[in-house]
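Residue strings, one per chain:
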Amino acid sequence: MTVDADRLRSLVDAPVVHRESVPSTNDLARAEGRAGSAHGTFVVADEQTAGRGRTGNAWASPPGGVWSSALVYPDFDASHVGRLTFAGGLAAAETVDAFGADARLKWPNDVVADARKLCGVLTEAVVDEVPVAGKPVDEVLPGTDPADAELSFAVLGVGVNAALDPGDLDVDRDVTTLRAEVGGADATEVAATLHERLLCWVDRVATDDGFAAALDAWRERSATLGERVRVETRDGETVVGEATGVTPRGALVVEAGDSRAEVTEGECSRLRRA
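Moving on, we come to the overall build of the protein. Across its full length, the protein holds 7 helices and 13 strands. Contacts spanning at least 24 positions in sequence make up 66% of the contacts within the protein whose residues lie at least 6 apart. Summed over its atoms, the accessible surface of the protein is roughly 11,700 Å², and 43% of this surface lies on carbon and sulfur atoms.

Below, the structure written as structure tokens:
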């Protein structure tokens with residue numbers, strides 16, 4: 001079952017852009033942002049042919065999932081872009097919870113049920129007219145002071161494995177779906193709930209107090225904190241230790257003995273304790 005675009009428009013108080021098939025909903029939402037479309041504009045596709053995750057990995061997006069991107073104009077500067085990934089993860093987790101799943105958050109951007117991926121989040125900001133995906137602005141644009149950079153808009157891409165079976169997802173990792181977890185879910189209702197929760201959390205993390213509350217909520221749902229982990233970065237670095245916290249920039253704090261690392265991106269896996 002795919003999203004019913006007409007019914008979704010009746011449920012969502014924002015423009016809805018629906019396509020049967022697109023390479024990436026984030027790309028389409030970014031084009032909407034450059035065209036000046038309204039805050040909350042919701043791009044939804046029945047399938048993506050070139051969906052991607054935070055580290056650039058391919059993201060399987062066949063019909064039956066909720067493949068979406070929300071265009072937002074956050075009320076903060078580029079130094080706080082990292083808040084949006086927390087907002088997206090919490091929104092996705094609350095969405096699948098509303099349909100009966102038991103969601104946890106795996107750093108940096110996965111929603112999992114029983115350690116199997118159920119949703120993924122990809123935040124892409126446009127800063128000084130340059131797309132910045134998933135990492136702190138000054139790491140992507142060296143020499144840039146995020147406090148002085150212009151945050152034009154951001155796109156919150158969220159994919160939910162909804163009305164399909166795990167076998168429909170051609171990936172080499174453990175995945176699950178709402179259908180497998182709870183016996184079924186209406187993709188249109190999932191999309192509408194997700195949109196409402198996304199805008200709620202984007203608004204909430206705009207203030208320092210709201211973001212502090214978001215961090216607390218993230219920690220309560222975390223499937224990563226307190227675990228022994230290995231993080232493989234795109235630069236080929238391997239960080240091993242106990243995940244002890246997250247920073248306001250979204251970095252995972254990993255400690256091993258007297259060493260302490262703050263990792264801003266990478267593939268994180270849990271290790272068995274010796």
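What follows is about helix 2 (residues 25-34). All of the buried residues in helix 2 are Thr25, Asn26, Ala29, Arg30, Glu32 and Gly33. The arc that holds every buried residue of helix 2, seen down its axis, measures 155 degrees, which confines them to one face. Its side-chain oxygen placed 3.2 Å from the backbone nitrogen of Asn26, Ser24 serves as the N-cap of helix 2.

A word on the packing of aromatic side chains. Evaluated as defined, the whole model comprises 3 aromatic pairs. Ring centres 5.8 Å apart and planes at 80 degrees place the aromatic pair Phe86 and Trp218 in the edge-to-face group. On the criterion of sequence distance, the pair formed by Phe86 in helix 3 (residues 83-98) and Trp218 in helix 7 (residues 208-221) is long-range, its members being 132 residues apart. Clustering of aromatic rings is evident, with ring pairs tying together Phe86, Phe211 and Trp218. Over the aromatic face of Phe76 sits the side chain of Arg83, whose NZ or CZ is 5.9 Å from the ring centroid.

Calculation criteria
Residues numbered from 1 in each chain as written. Predicted model: local features only at pLDDT ≥ 70, side-chain atom pairs only at ≥ 80, totals over all residues. Heavy atoms only, no water. Helix = DSSP H or I, 4+ residues; strand = E, 2+ residues; numbered from the N terminus. Contact = heavy atoms within 4.5 Å. Areas by Shrake-Rupley, 256 points an atom, 1.4 Å probe, with all protein chains shown as cover. Buried < 20%, exposed > 50% of the residue type's maximum accessible area, 1.4 Å probe, protein only. Arc of directions from axis to C-beta. Polar contact = N/O pair within 3.5 Å; in protein donor to acceptor, adjacent residues only side chain to side chain. Phe/Tyr/Trp six-rings, centres within 6.5 Å; stacked < 30°, edge-to-face > 60°. Lys NZ or Arg CZ within 6 Å of the ring centre and 35° of its normal.

Note that every value here comes from positions in space, so none of it alone points to a role or purpose.
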